Amino acid sequence: MTAQAAVITPKEDPWQMALRQFNIAADQLPLKRGIRELLAYPKRELTVNFPVKMDDGSVRIFTGYRVHHSTVLGPTKGGIRYHPDVTLNEVRALAMWMTWKCATVGLPYGGAKGGVVVNPKELSREELEHLTRRYATEIGILMSPEGDIPAPDVGTNPQIMAWIMDTYSMHRGYSTPSVVTGKPLAIGGSFGRIEATGRGVTFVTREATRHLGMPLAGAKVAVQGFGNVGAVAAYLLHDQGCSIVAASDSSGGVHNPKGLDPRALVKFKEDRGSVTGFPSANRVTNEELLEVSCDILVPSALEAQITASNAGKVKARLVVEGANGPITPDGDEVLEARNVLVVPDILANAGGVIVSYFEWVQGLQQFFWTEEEVNQNLERIMVRSFGQVLRGSLDRKVSMRTAALIRAIERVADALMTRGIYP
Ligand code: NAD
């Protein structure tokens, strides 16, 4: 295993985490046993093993997954991850979290996720395109604009979405832009989609600091995972007056208690491939980053980074989950006991799927919005959802995670009961 892979391995099984979170919330609801059991199962799971012709003429076999957790509220929606540590259990967890996320913010979608066990950094552009087109063909039996709509996640990007859209369209014989979201603008992407998740993170961070009576201007922020979500959150929070004191990626992190310039850091990472080595900053590990002195921590990398063993060392008063599942249930308990407010993933990082929804709607209607319209609607939904979840948390005296899950599970269960059990 490479040193890089060692840094980024989740420290707990994400599917067990997702089930524990679900059970904590479900215990608070009068769900019939069969309904509760049904909601805990993924609806369908596809595993594909497929060949890819490499540049040197050899053939390599890759494994990929696509899991649909629930189709109760509508077509399934969820990203595709390219990462060497992808497992079926991780994809299951991410699919379930997508169901709850869409229900939390009121989108007419069920949850899905896909993944391929691959380190995309080790492939040439041609190999990446071949892998993507073959994987898209393999999962084509599940994917459609009406049925299942993928999007980017860790290790994938708008170009990969473009290849998926093109592959699907070639098979159909006509262009089908709404089969994926997170596409480049040139082929029907939406303004604001690239920044949407990080922008959503900044809206809920602002709302949470208001609730805590903590001034946002001058707040010290540490960001684990300086990728699509983390880097955008960092520079938008910096625009709001926050001081970004630490940031990391899979090679390690950088720390300066006086603050880093996040836009310069983005440029540095683009040029050098990592944040490490950024001038006038100390080097820290990913573990150390979680424990630096700061007011707000934004974990935006992978699952299970904050656990029972390090949650006691988190200095932040507010943790906003840019990533999916960065805190284990035991880590949650420690943070809650220490009065650290956690804005949960299924609310905090919902900005991505919200603007993906806008992109899908725009594509289906062939009628496109301005960036201002996209961002205003994003803000409206994020602020409303934050307020509803916070109210639920205060009323029921539960964490914001459990409050969001209760709300989401109630919505899905209600729709399920209304539809009825077929036949
Ligand atoms: P990305 O590939 O753009 O960035 C991931 C970043 O994290 C990279 O910089 C990588 O080097 C780094 N990284 C990986 N493991 C790390 C670790 N253990 N410690 C520190 N850095 C690490 O991916 P992304 O799209 O920004 O996704 C990040 C997280 O946000 C994931 O949990 C993803 O599921 C979640 N998310 C993404 C979106 C989206 O729209 N892209 C939406 C919602 C949630």
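Remember, it's a predicted structure, so these values are computed and weren't measured experimentally.

Novice: How should I be thinking about the side chain of Asp-153 in this particular structure?
Specialist: By the element assignment, Asp-153 lies in the loop between strand E5 (148-152) and helix H6 (158-172). A relative accessible area of 18% means that Asp-153 is categorised as buried. Looking at Asp-153, its side chain comes within polar contact range of the side chain of Lys-113, at 3.2 Å. Residues within four places of Asp-153 in sequence aside, it is in contact with Gly-79, Ile-80, Arg-81, Lys-113 and Asn-324.

Novice: Would you mind showing me how to read the nonpolar core here?
Specialist: A general feature of soluble globular proteins is that nonpolar side chains tend to end up buried together. One finds Leu-39, Trp-100, Ile-296, Val-343 and Ile-354 to be the most contacted residues of the largest nonpolar core, which totals 86 residues. When residues of this core are assigned to domains, at least three fall in each of domain 1 (40-176) and domain 2 (196-343). Leave out the neighbours within four places in its chain, and Leu-39 touches Phe-22, His-69, Met-96, Trp-100, Ile-409, Val-412, Ala-413 and Leu-416. By size, the runner-up hydrophobic cluster in this structure holds 26 residues, among which are Leu-46, Val-118, Tyr-168 and Val-179.

Novice: Honestly, the domain arrangement of the protein chain in this entry has me stumped. Any pointers?
Specialist: Frequently, the measure chosen for interface size is the accessible area removed from exposure when the parts meet. Segmentation of the protein chain into domains returns domain 1 (40-176) and domain 2 (196-343). The partner domain 2 presents six residues to the 10 residues of domain 1 that form the contact. Summed over both partners, the interface of domain 1 with domain 2 comes to about 540 Å²; 47% of that surface belongs to carbon and sulfur atoms. For the interface between domain 1 and domain 2, the tally reads one salt bridge. Linking domain 1 with domain 2 are two residue pairs in polar contact (both at pLDDT 80 or more). Of all the secondary structure elements, the ones that give two or more residues to the side of domain 1 that touches domain 2 are strand E3 (76-83) and helix H4 (88-105). Of all the elements, H4 adds the most residues to the side of domain 1 that touches domain 2, at four residues. Per-class residue counts for the side of domain 1 that touches domain 2 are three nonpolar, one polar and six charged.

Novice: Explain the UniProt feature "binding site: substrate" (unreviewed entry) in the protein chain to me, please; I cannot follow it from the model alone.
Specialist: Cross-referencing UniProt, the feature "binding site: substrate" (unreviewed entry) maps to Lys-77, Lys-101 and Ser-356 in the present numbering. What stands out for the annotated residues spanning 280 residues is how close their C-alpha atoms remain, the widest pair being 12.9 Å apart. Among the structural elements, Lys-77 can be located in strand E3. Take Ser-356: it is sitting in helix H13 (residues 351-365). Dropping the residues within four chain positions of it, Ser-356 is found in contact with Lys-77, Tyr-109, Ala-151, Thr-181, Gly-182 and Arg-193. Polar contacts involving the side chain of Ser-356 include one to the side chain of Arg-193, which spans 2.9 Å.

Novice: How should I be thinking about helix H14 (residues 371-396) in this particular structure?
Specialist: Spacing of three or four residues puts side chains on the same side of an α-helix, whose turn is 3.6 residues. With 26 residues, H14 ought to run about 38 Å at 1.5 Å a step, and its terminal C-alpha atoms sit 37 Å apart, in line with that. Looking at H14, one finds that the buried residues are Val-374, Asn-375, Leu-378, Ile-381, Met-382, Ser-385, Phe-386, Val-389, Leu-390 and Ser-393. Check the buried side of H14 and you find it contacts H4, helix H7 (193-212), strand E12 (341-343), helix H12 (345-348), H13 and helix H15 (400-419). Trailing H14 by a residue or two, Lys-397 shows a phi angle of about 55 degrees, which is positive.

Novice: Which parts of the structure should I look at to understand the sheet that holds E5?
Specialist: Where strands meet in a sheet, backbone hydrogen bonds hold them as pairs that are either parallel or antiparallel. Strands sit in the order E1-E2-E4-E3-E5 across an open sheet of five strands; the sheet is mixed. Of all the strands in the sheet, the pair left with one neighbour each is strand E1 (44-53) and E5. For this sheet, the mean angle separating the axes of adjacent strands, direction not counted, is 25 degrees.

Novice: How should empty space enclosed by the protein be read in this particular structure?
Specialist: Over the atoms a probe the size of a water molecule is rolled, and this reveals where empty space is left. In the structure shown here, the tally under the stated rule is one cavity of 30 Å³ or more. Considered as a void within the structure, the largest cavity measures approximately 30 Å³ in volume. Lining the largest cavity, in full, are Gln-21, Trp-97, Asp-345, Ile-346, Arg-401 and Leu-405. Elements with a contribution of two residues or more to the lining of the largest cavity: H12 and H15. The class makeup of the residues in the lining of the largest cavity is three nonpolar, one polar and two charged.

Novice: Honestly, the pattern of salt bridges in this entry has me stumped. Any pointers?
Specialist: Once their charged atoms are close, side chains differing in charge can pair, the charge on each being opposite to the other. Applying the stated criterion to the full structure yields 23 salt bridges. Between Arg-81 and Glu-90 there is a salt bridge; the shortest N-O distance is 2.8 Å. Comparing Arg-81 with Glu-90 shows no difference in burial state: the two are buried. Residue Asp-153 pairs with Lys-113 through a salt bridge whose shortest N-O separation is 3.2 Å. Residue Asp-153 is located in the loop between E5 and H6, and its partner Lys-113 is located in strand E4 (residues 110-117); the two are separated by 40 residues in the primary sequence. You'll find Asp-153 and Lys-113 in the same group, each marked buried. Taken together, the shared-partner salt bridges in this structure form one network comprising Arg-81, Glu-90, Lys-113, Asp-153 and Glu-303.

Novice: How do you make sense of the packing of aromatic side chains when you look at a structure like this?
Specialist: The geometry of an aromatic ring pair is captured by two quantities: the separation of the ring centres and the angle between the planes. The final tally for this structure, using the stated rule, is nine aromatic pairs. Where Tyr-357 meets Trp-360, the ring centres are 6.3 Å apart and the plane angle is 35 degrees; that geometry is what we call tilted. In this pair, Tyr-357 and Trp-360 are both assigned in helix H13, three residues apart and thus about one turn of the helix distant. With a relative accessible area of 21%, Tyr-357 lands in the partly exposed category. Connected via pairs of aromatic rings, a cluster forms that spans Tyr-109, Tyr-357, Phe-358, Trp-360 and Trp-369.

Rules and cut-offs
- Residues numbered from 1 in each chain as written.
- Predicted model: local features only at pLDDT ≥ 70, side-chain atom pairs only at ≥ 80, totals over all residues.
- Heavy atoms only, no water.
- Helix = DSSP H or I, 4+ residues; strand = E, 2+ residues; numbered from the N terminus.
- Buried < 20%, exposed > 50% of the residue type's maximum accessible area, 1.4 Å probe, protein only.
- Polar contact = N/O pair within 3.5 Å; in protein donor to acceptor, adjacent residues only side chain to side chain.
- Contact = heavy atoms within 4.5 Å.
- Core = buried A, V, L, I, M, F, W, Y, C linked by side-chain atoms within 4.5 Å.
- Domains from an automatic or database assignment.
- Buried area = accessible area lost by both parts, 1.4 Å probe.
- Salt bridge = Lys/Arg side-chain N within 4 Å of Asp/Glu carboxyl O.
- Nonpolar A, V, L, I, M, F, W, Y, C, P; charged D, E, K, R; others polar.
- UniProt positions renumbered as here; feature names shortened; annotations may be inferred.
- Expected span 1.5 Å × (residues − 1).
- Pairing = 2+ DSSP bridges.
- Axes fitted to C-alpha atoms, helices over the stretch in contact; angles between N-to-C directions.
- 1 Å grid on protein atoms, 1.4 Å probe; cavity = no way out; pocket = protein on both sides within 12 Å on 5 of 7 lines; lining within 4 Å.
- Points joined across faces, edges and corners; volume = space filled by probe spheres on them.
- Phe/Tyr/Trp six-rings, centres within 6.5 Å; stacked < 30°, edge-to-face > 60°.

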